[in-house]
Amino acid sequence: MAVHARQEDSGLPGLPAVREACRIVGADPAGARLLHQRSNAVYLLPHDDLVVRLAPDTPVRRRRAQTCVAVTRWLATQPEPIALAPVPGEQPVVAAGAVATFWPYRPTTPAPSLDDLAVPLRHLHALPAPPFPVPRYQPLQRLFEAVDLEQHRPHPAVNADDRSWLLDRAHGLVHIFTTTAFPLGDGLVHADAHSENLVRDPDGHWLLIDWDNACLGPRELDLLTGIPDHFHEPEADRHRFLTAYGYDILGWPGWTLLRDITELHALGAYIRLAPSKPAAATELHHRIRSLRTGDRSARWHAIP
């Protein structure tokens, strides 16, 4: 019963879906261990040295998984190493109400620094658009999805006043985005680029993972770890990252728009998790309060 309740509340699949997806692809689910649970449920399969990433089986999540697999396989054919490719075989896999993808497990030891992110991004942004359809960036789509899910819960985690504020703020930012010109132009972007989404290949190259947000959009979207935010990355680290990439986004007046969109976007996963994870609910309310009051000194923390 607990697994089914968590699946319904958070919108994320659990171990039954892991076992069924593994049965379909011939992987071993024994000892499967949850690594983290945010927009996806991510499990380590220790016997096969694989990671399986699962999301609810919805049309939107199927499209994202298909794009993720197609983009990373295409990137694996490029001269410069940029992305971790999924395991061979037909993917994504649909099983037990989940859409699943399987990936090689690559530990990140030693951990990457922020400027390690600059090299794969620089190579990515130099590429042409892929020779197949890739969705356009839609600002705050995931937040709107999470708020819609929240409104259908018997016990919402976000009160009506906060929900109204979030929607008004989100629609206002989307309007500004549609009228903004971006200096770096459009291209294929990861759109969730940060050091936690790096793993090292056997040759020592840092590769980007978690391409669920891959899309065509402003390249500035991949430089957001270089701007001040509520996670308070050290200024020296941010400066090294932007220097290594070769563009100072802070010299462009529009950078605060992307900061505000990204911080609002980050609430989506916590809205999904809040009913089943008290720490996520606490962090969600802390973040909403800091945004509503304009408290830039408030520090945010990622909940695994």
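The residue numbers shown here count from 1 along each chain, following its written sequence. The predicted origin of the model limits local features to residues at a pLDDT of at least 70 and limits the giving and counting of side-chain atom pairs to 80 or more, whereas totals for whole chains, interfaces and linings rest on all residues. Computation of side-chain values covers all heavy atoms of the structure but excludes hydrogens and water.

Asker: Explanation requested: helix α5 (residues 141-151) in the structure shown.
Answerer: Since one α-helical turn is 3.6 residues long, residues separated by three or four positions face the same way. Think of it in three bands: residues with accessible area under 20% of the maximum for their type are buried, residues over 50% are exposed, and the middle band is partly exposed, with areas taken using a 1.4 Å probe on protein chains only. Here a helix means four or more residues in a row that DSSP labels H or I, a strand means two or more in a row labelled E, and each is numbered from the N terminus. Considered for burial, the residues of α5 that qualify are Arg-142, Leu-143, Glu-145, Ala-146, Val-147 and Glu-150. Every residue pair with non-hydrogen atoms within 4.5 Å of one another is taken to be in contact. As for α5, its buried residues are in contact with α3 (59-75), α6 (160-178), α8 (255-265) and α9 (267-273).

Asker: Quick question: what am I supposed to make of unusual backbone geometry here?
Answerer: Comment: phi is negative for the bulk of residues other than glycine, and the bulk of peptide bonds are trans. Note that the residue after Gln-91, namely Pro-92, is joined by a cis bond; omega there is 0 degrees. Tracing the chain through its elements places Pro-92 in the loop between α3 and β4 (93-95). Even without glycine at this site, Asp-210 takes up a positive phi of about 60 degrees. One can find Asp-210 in the loop between β8 (206-208) and β9 (215-218).

Asker: Would you mind going over the nonpolar core with me for this structure?
Answerer: Soluble globular proteins tend to pack their nonpolar side chains together in the buried interior. Ranked by internal contacts, the top residues of the largest apolar core, which has 87 residues, are Leu-45, Leu-75, Phe-102, Trp-211 and Leu-264. In contact with Leu-264, not counting residues within four places along its chain, are Leu-140, Leu-143, Trp-165, Leu-166, Arg-169, Ala-170, Leu-173 and Leu-291. We define a nonpolar core as any set of buried Ala, Val, Leu, Ile, Met, Phe, Trp, Tyr and Cys residues linked to one another through side-chain atoms lying within 4.5 Å.

Asker: Please explain the sheet that holds strand β1 (residues 33-37) as it appears in this structure.
Answerer: Two modes of strand pairing occur in sheets, parallel and antiparallel, and in both the strands are linked by backbone hydrogen bonds. At least two DSSP bridges between two strands are required for those strands to pair. Taking strand neighbours across the sheet as the criterion, the five strands line up as β1-β2-β3-β5-β4 in an open arrangement whose pairing is antiparallel. Lying at the two open borders of the sheet, with one neighbouring strand each, are β1 and β4. Taken pair by pair, the neighbouring strands of this sheet meet at an average axis angle of 30 degrees, ignoring direction. Pairing between strand β3 (residues 50-56) and strand β5 (residues 98-104): seven bridges, direction antiparallel. By the bridge assignment for β5, Ala-55 is matched with Val-99. A fitted line through C-alpha atoms serves as each axis, taken over the contacting stretch for helices, and the angle formed by two N-to-C directions is quoted from 0 to 180°. Strands β2 (41-45), β3, β4 and β5 of the sheet are contacted by helix α2 (residues 15-25), whose axis makes an angle of about 130 degrees with β4. Packing of α3 onto the sheet brings it into contact with β3, β4 and β5, and relative to β5 it is tilted by some 20 degrees.

Asker: Looking at this structure, I do not really get the packing of aromatic side chains. What am I missing?
Answerer: Whether two aromatic rings pair depends on their centres lying within 6.5 Å, for rings of Phe, Tyr and Trp, where Trp uses its six-membered ring; planes under 30 degrees apart make the pair stacked, over 60 edge-to-face, and the rest tilted. Overall, the coordinates contain five aromatic pairs when judged by the stated rule. Aromatic pair Trp-74 and Phe-132: ring centres 6.3 Å apart, planes at 90 degrees, arrangement edge-to-face. Here Phe-132 lies in the loop between α4 (118-125) and α5 and Trp-74 lies in helix α3, a separation of 58 residues in the sequence. Ring geometry for Phe-182 versus Trp-252: centroids 5.4 Å apart, planes at 55 degrees, classification tilted. With a gap of 70 residues between them, Phe-182 in the loop between α6 and β6 (186-189) and Trp-252 in the loop between α7 (235-245) and α8 connect regions that are remote in the sequence. Residues Phe-182 and Trp-252 agree in their burial class; the two are buried. Put simply, the rings of Tyr-137, Phe-177, Phe-182 and Trp-252 pair up and form one aromatic cluster. One cation-aromatic arrangement involves Arg-287 over Tyr-270; the distance from NZ or CZ to the ring centre is 4.3 Å. Whether a charge sits over a ring depends on NZ of Lys or CZ of Arg being within 6 Å of the ring centre and within 35 degrees of the ring normal.

Asker: Please clarify how the side chain of Asp-212 should be interpreted in this entry.
Answerer: By the secondary structure assignment, Asp-212 is in the loop between β8 and β9. In this structure Asp-212 comes out as buried when scored by relative accessible area, which is 12%. At 3.0 Å, the side chain of Asp-212 and the side chain of Arg-53 are in polar contact. Every residue in contact with Asp-212, bar those within four places of it in the chain, is listed here: Asn-40, Arg-53, Arg-64, Cys-68 and Arg-142. Polar contacts, as used here, are pairs of N or O atoms within 3.5 Å; protein pairs need one atom able to donate a hydrogen and one able to accept it. Residues neighboring in sequence count only if both atoms are side-chain atoms.

Asker: I would appreciate a short explanation of the packing of α6 against helix α10 (residues 278-293) in the present structure.
Answerer: Any two packed helices are characterised by the angle at which their axes cross and by the distance between the axes. Running from amino to carboxyl end, α6 crosses α10 at an angle of 60 degrees, the nearest separation of the two axes being 11 Å. Classified by the angle their axes make, α6 and α10 are oblique. By crossing handedness, the relation of α6 to α10 is classed as left-handed. Where α6 abuts α10, its residues Asp-161, Asp-162, Trp-165 and Leu-166 lie against Ile-288, Leu-291 and Arg-292. Residues are grouped as follows: Ala, Val, Leu, Ile, Met, Phe, Trp, Tyr, Cys and Pro are nonpolar; Asp, Glu, Lys and Arg are charged; all remaining types, including Gly, are polar. Of the residues assigned to the contact of α6 with α10, the class counts are four nonpolar, no polar and three charged. We call two directions roughly parallel when the angle between them is under 35 degrees, roughly antiparallel when it is over 145, roughly perpendicular when it lies between 65 and 115, and oblique otherwise. For any pair of crossing helices, the crossing counts as left-handed if the nearer helix is rotated counterclockwise from the farther one by less than a right angle, and right-handed if it is rotated clockwise.

Asker: Explain the environment of Gln-66 here, please?
Answerer: One can find Gln-66 in helix α3. You can call Gln-66 partly exposed: its relative accessible area is 43%. Each C-alpha atom of the pair Gln-66 and Val-134 lies 9.9 Å from the other, and the pair is 68 residues apart in sequence.

Asker: Help me out: how do you make sense of the pattern of salt bridges in this one?
Answerer: Should their charged atoms come close, side chains of opposite charge can pair. Any Lys or Arg side-chain nitrogen located within 4 Å of an Asp or Glu carboxyl oxygen qualifies as a salt bridge. Going through the model one piece at a time under the given rule, you end up with 16 salt bridges. When the shortest N-O distance is used, the salt bridge between Arg-296 and Glu-263 registers 2.9 Å. Taken together, the residues span a long stretch of sequence, with Arg-296 in the segment after α10 and Glu-263 in helix α8 at a distance of 33 residues. A relative accessible area of 33% means that Arg-296 is categorised as partly exposed. A relative accessible area of 5% means that Glu-263 is categorised as buried.

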